[in-house]
Amino acid sequence: MLVVPELPTGSWWDWDVVSTGPELFVLGADYDLSYHHGLELRFHGPVFVQCPEDFSDPVFRAATAQEAERVVRAVGGPPEVLVAFECDVGGVEPATGLIAARRLEIETGAVFRYWREHLEPGQRRAPWVRPPGE
């Protein structure tokens, strides 16, 4: 239930919410999110999400007993995956993220945040990217 994601080696200091929906909640990370991201935390079947839209330098940790109890009360039972982290949102105090889901998948590879005609194997476009004129 309590998960501390093991991230691949990389410069993952800038983070944001890439997509959200009832079946999938996705966080993207890289050293600069202007043009692409290279890491995704894909939460399948999200049931509880407390997460800033964009943040920096998260420190992932096990959820506290109080956080786990709060999620259990909110969703009616223990989730299969519960991820907690502290992060910088530009204020004096760090923010806390708490995400519960059916499954967590960690994926790497270039995800472009702008239209790019020809993609190499393993490359993708962000879900909001559309061809010019569309």
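Above this text is the structure in question.
Right, let's talk about the overall build of the protein for a bit. Regarding its fold elements, the protein presents one helix and ten strands. In the protein, the succession of helices and strands from N to C terminus is β-β-β-β-β-β-α-β-β-β-β. Taken over C-alpha atoms, the radius of gyration comes to 16 Å for the protein, in line with the 14 Å a tight globule of 134 residues would show. Of all 134 residues assigned to the protein, the portion counted as buried reaches 39%. Sequence-distant contacts, at least 24 apart, represent 54% of the contacts inside the protein between residues at least 6 apart. Here the protein has roughly 7500 Å² of accessible surface; of this, 51% comes from carbon and sulfur atoms. Averaging the locations of the 11 positively and 21 negatively charged side chains of the protein gives two centres separated by 6 Å.

The next point concerns the packing of aromatic side chains. This model, assessed by the stated rule, comprises eight aromatic pairs. Look at Phe-25 and Phe-43: their rings are 6.3 Å apart centre to centre, the planes differ by 50°, and that puts the pair in the tilted class. Pair noted here: Phe-25 is in strand S3 (residues 24-30) and Phe-43 is in strand S4 (residues 36-44), with a separation of 18 residues, a long-range link. Each member of the pair, Phe-25 together with Phe-43, is buried. Among the aromatic residues, ring-to-ring pairing joins Trp-15, Phe-55, Phe-60 and Phe-85 into one connected group. Seen from the ring of Phe-112, Arg-116 lies directly overhead, with NZ or CZ sitting 4.2 Å from the centre. The ring of Trp-115 has Arg-125 lying over it, and the distance from NZ or CZ to the ring centre is 4.0 Å.

Criteria and thresholds
Residues numbered from 1 in each chain as written. Predicted model: local features only at pLDDT ≥ 70, side-chain atom pairs only at ≥ 80, totals over all residues. Heavy atoms only, no water. Helix = DSSP H or I, 4+ residues; strand = E, 2+ residues; numbered from the N terminus. Rg over C-alpha atoms; globule rule 2.2 N^0.38 Å. Buried < 20%, exposed > 50% of the residue type's maximum accessible area, 1.4 Å probe, protein only. Contact = heavy atoms within 4.5 Å. Areas by Shrake-Rupley, 256 points an atom, 1.4 Å probe, with all protein chains shown as cover. Lys, Arg positive; Asp, Glu negative; His and termini not counted. Charge placed at Lys NZ, Arg CZ, Asp CG, Glu CD. Phe/Tyr/Trp six-rings, centres within 6.5 Å; stacked < 30°, edge-to-face > 60°. Lys NZ or Arg CZ within 6 Å of the ring centre and 35° of its normal.

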